[in-house]
Amino acid sequence: AALVGALIARPRSGRWLGATAKDRISGMEEVFKPHSLPLVVLGTFTMWFGWYGLNGVRVSGITNPYMDYEKGLLAAQVFMNSTIAAVTGGTFLFLFRRPIQGRWD
């Protein structure tokens, strides 16, 4: 459904004429630089919470009243893996956007 919507909407005409990938990332046009820190944080925590629900709760079987020791250990491992993945992604983005944009983002 998202692909069909993107194909119907099509890109804006004249938006990236002659721009390289680095120009696109670094913000060739300062006028169009959407950034709202509260919305970024809200979206991040929403996604993070969703991944906990998708990964950890499904594996742990919290909805099942008969959770055993091995499922508990597996659930702890999945929750830790989700946490480490999110922290690693955030750290990677924080460190590698500096050389591209020339400032901390």
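Asker: Would you mind showing me how to read the overall build of the protein here?
Answerer: A count of helical and extended segments in the protein gives four helices and zero strands. Sequence-ordered secondary structure for the protein, helices as α and strands as β, is α-α-α-α. Taking contacts inside the protein between residues at least 6 apart in sequence as the whole, the part at least 24 apart equals 40%. Surface summary for the protein: the accessible area is close to 8800 Å², and the carbon and sulfur share equals 70%.

Asker: So what exactly am I meant to see when it comes to the packing of aromatic side chains here?
Answerer: What characterises a pair of aromatic rings is the spacing of the ring centres plus the angle enclosed by the ring planes. In total, this model carries four aromatic pairs according to the counting rule given. With a centroid separation of 6.1 Å and an interplanar angle of 5°, the aromatic rings of Phe45 and Trp48 are classed as stacked. Residue Phe45 and its partner Trp48 are located together in helix α3 (residues 37-60), separated by three residues, close to a single helical turn. Consider the rings of Trp48 and Tyr52, whose centres lie 6.3 Å apart with planes at 20°: the pair is stacked. Highlighted residues: Trp48 and Tyr52, both in helix α3, separated by four residues, approximately one helical turn. Under the relative-accessibility criterion, Trp48 is labelled partly exposed at 23%. Judged by relative accessible area, which is 22%, Tyr52 ranks as partly exposed.

Asker: Mind showing me how you'd approach the environment of Phe94 here?
Answerer: Among the secondary structure elements, Phe94 is positioned in helix α4 (residues 69-101). What makes Phe94 partly exposed here is its relative accessible area of 41%.

Asker: Before we go on, may I ask you to explain α4 in this structure?
Answerer: End to end, α4 covers 48 Å across 33 residues, agreeing with the expected 48 Å (1.5 Å per residue, within 8%). Here α4 has its buried residues at Ala75, Val78, Ser82 and Gln101. Gly102, located one to two residues past α4, shows a positive phi value of around 80°.

Asker: Can you help me understand helix α1 (residues 2-9) in this one?
Answerer: Side chains three or four residues apart in an α-helix point the same way, a direct result of the helix having 3.6 residues per turn. Where burial is concerned, little of α1 is hidden: zero out of the eight residues are buried. Arg10 sits one or two residues past α1 and shows a positive phi near 60°.

Asker: Would you mind going over the side chain of Ser82 with me for this structure?
Answerer: Relative to the helices and strands, Ser82 is located in helix α4. Not counting residues up to four positions away in its chain, the partners in contact with Ser82 are Trp48, Trp51, Tyr52 and Asn55.

Criteria and thresholds
- Residue numbers here run from 1 along each chain, matching the order of that chain's written sequence.
- pLDDT decides what is reported in this predicted model: residues at 70 or higher carry local features, side-chain atom pairs at 80 or more are listed and counted, and totals for whole chains, interfaces and linings draw on all residues regardless.
- The side-chain quantities take in all heavy atoms of the structure and omit both hydrogens and water.
- Secondary structure elements follow DSSP: runs of H or I of four or more residues count as helices, runs of E of two or more count as strands, with numbering from the N terminus.
- Any two residues whose heavy atoms approach within 4.5 Å are treated as being in contact.
- Areas reported as accessible are Shrake-Rupley estimates using a 1.4 Å probe. Residue values count occlusion only from the protein chains shown.
- Under the pairing criterion, centres of Phe, Tyr and Trp rings, with the six-membered ring standing for Trp, must be within 6.5 Å; the plane angle then separates stacked pairs below 30 degrees from edge-to-face pairs above 60, leaving the rest tilted.
- Here the term buried applies to any residue with accessible area under 20% of the maximum for its type, exposed to any over 50%, and partly exposed to those in between, with areas from a 1.4 Å probe on protein chains only.
- Any helix carries an expected span of 1.5 Å times its number of residues minus one.

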